[in-house]
Amino acid sequence: MNKIFEVPMYAYSRSPDQDSETPIRRPVVVIGAGPIGLGAAIDLAQQDVPVVVLDDNDKVSFGSRAVCYAKRPLEILDRLGCGQPMVDKGVEWSIGKVFFDERKIFEFDLLPEDGHERPAFINLQQYYFEEYLVNRVTELQAEGKQIEIRGKNKVSAIGAHDNHATLEIDTPEGPYNLEAEWLIACDGARSPTRQMMGLDFVGRVFEDNFLIADVIMEADFPTERWFWFDPPFNKGQSALLHKQPDNVWRIDLQLGWDIDKEEEKKPENVIPRLKAMLGEDVEFELEWVSIYTFQCRRMEKFRHGRVLFAGDSAHQVSPFGARGANSGLQDTDNLAWKLKLVIDGKAPEALLDSYSQERVHGAEENILNSSRSTDFITPKSDMSRILRDAVLDLAETHDFARPLVNAGRLSVPCTYDGSALNMADALDGPECTRPGSPCPDVKLGDDFLLRQLGGEFTLLTIDADAPDLIEEDGIEVTRLALSAKEDTTGALKARYLGDEPSAVYLIRPDQHVAARRPSFDENLFRAAIRRATGKE
Amino acid sequence: MSDLNLQPNIPGADDFYAGLLAAHDGLSKEDSDALNARLLLVLANHIGDRAVLDNAIAVAKASA
Ligand SMILES: Cc1cc2nc3c(=O)[nH]c(=O)nc-3n(C[C@H](O)[C@H](O)[C@H](O)COP(=O)(O)OP(=O)(O)OC[C@H]3O[C@@H](n4cnc5c(N)ncnc54)[C@H](O)[C@@H]3O)c2cc1C
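Just so you know, these numbers come straight off a predicted model, no measurement behind them.

Draft legend 1. A look at the interface of chain B and chain A. Tallying the contact residues gives eight residues for chain B and eight residues for chain A. When the two sides are added together, the surface that chain B and chain A hide from each other amounts to roughly 700 Å², 87% of it contributed by carbon and sulfur. Viewed at the interface, chain A and chain B are joined by zero salt bridges. The tally of links between chain B and chain A comes to zero residue pairs in polar contact (both at pLDDT 80 or more). A per-class count over the side of chain B that touches chain A returns five nonpolar, one polar and two charged.

Here it is in structure tokens:
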């Protein structure tokens, strides 16, 4: 049987745009049908923005790259209409074990708080992740939404202009030109768009190589994240074992810097390494093997006039912490509603600068966390190794040292502290819902808060009065009225009120808090809406 | 505000110092380095105050 990543999912077919005498101008063109480009396109199409996705390939990710998806991206995928198939297929996990040499030194539980619809993490092959996104595109097409993916459409030149961008595209039937009012570059870490525009991408390369192997085996390892420092089967290096659906297991083996990548990738060299780890008698089949050098870097800004960068094209992190695809989806979550408002003339173009500011802030946080994990896993000097090993030795018997063990700080969404779109915090409420925060979920009877918030501006009132609808300069904000008294779990109070008796929140379409106060005040909330849409 | 104490603070300083040396007795350079690192982490955790720790790092760096 062919693997899903060997089958063309959006085979090339000729577009009428290729036969036009003069280039057709499209409202939005997305370059790249990876997870982020597809996420961006679905988000926009759901909001009735016509969108064309160009990809130089016609298949989903070859082999699985990303495997761990965090709660926040799953919530975003719910809004995009495809969270459920991911969760159904994915493997849920929350236990992690850390080994040093031959000993298990401790284990941790990501202990999800109660009252969240989605688990802390699922593991799922990136090719399934992309397949479900492509399925969602097909569904939207059936509903009449204007969204298309053009396979084997390779962008070969880009011209950036004040109010549009021009594209030269190579296809199996020759080149054609296209124009875009807005261009979203989701063309991956090597982003040809970024290179063609001569833009920077600065950061650190970690001088190390990792063998990433996905093996198919019937094994009775539990569904847990196992991480080894300096294991007997990979002396002086690290290793990771993690379960994916269909009995596929992800194995990462650190190899060091001075290696011959082509040699190491050969099955005759990979298989003995895996046998040393899994045991001589374990039967397995290799699904995919690759060798990576990890980098942490980002663009200085993610908006360049009419060209917007999202996902790996804008920022790249080492995979410890699973922050790549997870943060890329938070980019498009931040971008799509802003672009929609700008296209509809309901917000100034400057609102898109806040996309860059907020997501640069997110990228910085992710780069900081991934760099620190990588520094712990791959000590850069004798002393950093001595300190690292001291932490690991102590962690086996002493709780205090465990928080210092860093085998990846797993992806959590960032809070846009200090964003120009936020109002100053006017509620003496919980930290986790201060302005800029992503809204934490709460179970509401048979439903969940995040589902009720949806993807529009919302005025969330908790035991407070307010009008059911406010319209401010074209922006409609509908009220969601809740009462902490009806919430027997206490989570609404704990997450949104703290010690305050009531609260009113202005929540953005990406479910981040823009403003909060103890009660409704029309002038202040109108000002908050203007601020959250870049109007002051 | 908790300050880093840079005044003499260890009663029986000579005994403490002897104990520190004794702990390293017979250890290879590698094992001694590891011991120092563990000791440092135990003490740092006991102090626990980030401002004091940052100060201590700065003082140690400036004294070379
Ligand atoms: C080993 C490994 C493990 C990882 N694990 C995780 C994890 O557990 N969790 C996580 O969140 N992330 C993880 N990541 C990161 C994740 O894979 C990436 O962040 C994610 O794929 C980025 O998606 P993207 O859409 O931005 O770019 P890509 O997936 O790289 O997609 C870019 C697309 O652009 C297309 N393209 C490129 N050039 C052109 C052109 N000129 N014209 C047209 N199309 C073009 C490409 O064909 C491709 O389809 C991991 C990465 C690696 C390598």
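Let us keep going from here.
Draft legend 2. Quick peek at the pairing of strand β28 (residues 513–517) of chain A. All names here are of chain A. Taking burial as the measure, the five residues of β28 include four buried ones, the bulk of the element. In terms of strand pairing, strand β27 (residues 503–507) meets β28 through four bridges, oriented antiparallel. Within β28, the position partnered with I507 by the bridge is V513. The antiparallel pairing of β27 with β28 creates a hairpin that spans five residues between the two strands, and Q511 there sits at a positive phi of about 65 degrees.

Draft legend 3. Broad picture of the site of the ligand. All names here are of chain A. Surveying the vicinity of the ligand reveals 31 residues, the closest of which are D55, D56, Q126, D312 and N326. Side-chain polar atom of D55 to an oxygen atom of the ligand: 2.7 Å apart, as the coordinates give it. One nitrogen or oxygen atom from the main chain of C68 is found 2.9 Å from an oxygen atom belonging to the ligand. Relative to its unbound accessible area of 1000 Å², the ligand is 89% covered by the protein chains. Elements with a minimum of two residues in the shell around the ligand: α1 (35–46), β9 (154–160) and α8 (324–343). Ranked by residues supplied to the shell around the ligand, first place goes to α8 with three residues. Here the shell around the ligand is composed, by residue class, of 16 nonpolar, eight polar and seven charged.

Draft legend 4. Molecular detail of the domain arrangement of chain A. Residue and element names in this part refer to chain A. As far as domains go, chain A holds domain 1 (4–83 + 121–200 + 297–367) and domain 2 (431–532). Each of domain 1 and domain 2 was reduced to a C-alpha centroid, and the two centroids are 30 Å apart. Each partner contributes to the interface: domain 1 provides twelve residues, whereas domain 2 provides 15 residues. The junction of domain 1 with domain 2 conceals about 1000 Å² of combined surface from both sides, 51% of it contributed by carbon and sulfur atoms. Broken down residue by residue, the surface that domain 1 buries against domain 2 is led by R72, W337 and K346, which jointly contribute 48%.

Criteria and thresholds
Residues numbered from 1 in each chain as written. Chains lettered and ligands numbered in written order. Predicted model: local features only at pLDDT ≥ 70, side-chain atom pairs only at ≥ 80, totals over all residues. Heavy atoms only, no water. Contact = heavy atoms within 4.5 Å. Buried area = accessible area lost by both parts, 1.4 Å probe. Salt bridge = Lys/Arg side-chain N within 4 Å of Asp/Glu carboxyl O. Polar contact = N/O pair within 3.5 Å; in protein donor to acceptor, adjacent residues only side chain to side chain. Nonpolar A, V, L, I, M, F, W, Y, C, P; charged D, E, K, R; others polar. Buried < 20%, exposed > 50% of the residue type's maximum accessible area, 1.4 Å probe, protein only. Helix = DSSP H or I, 4+ residues; strand = E, 2+ residues; numbered from the N terminus. Pairing = 2+ DSSP bridges. Near = heavy atom within 4 Å. Areas by Shrake-Rupley, 256 points an atom, 1.4 Å probe, with all protein chains shown as cover. Domains from an automatic or database assignment.

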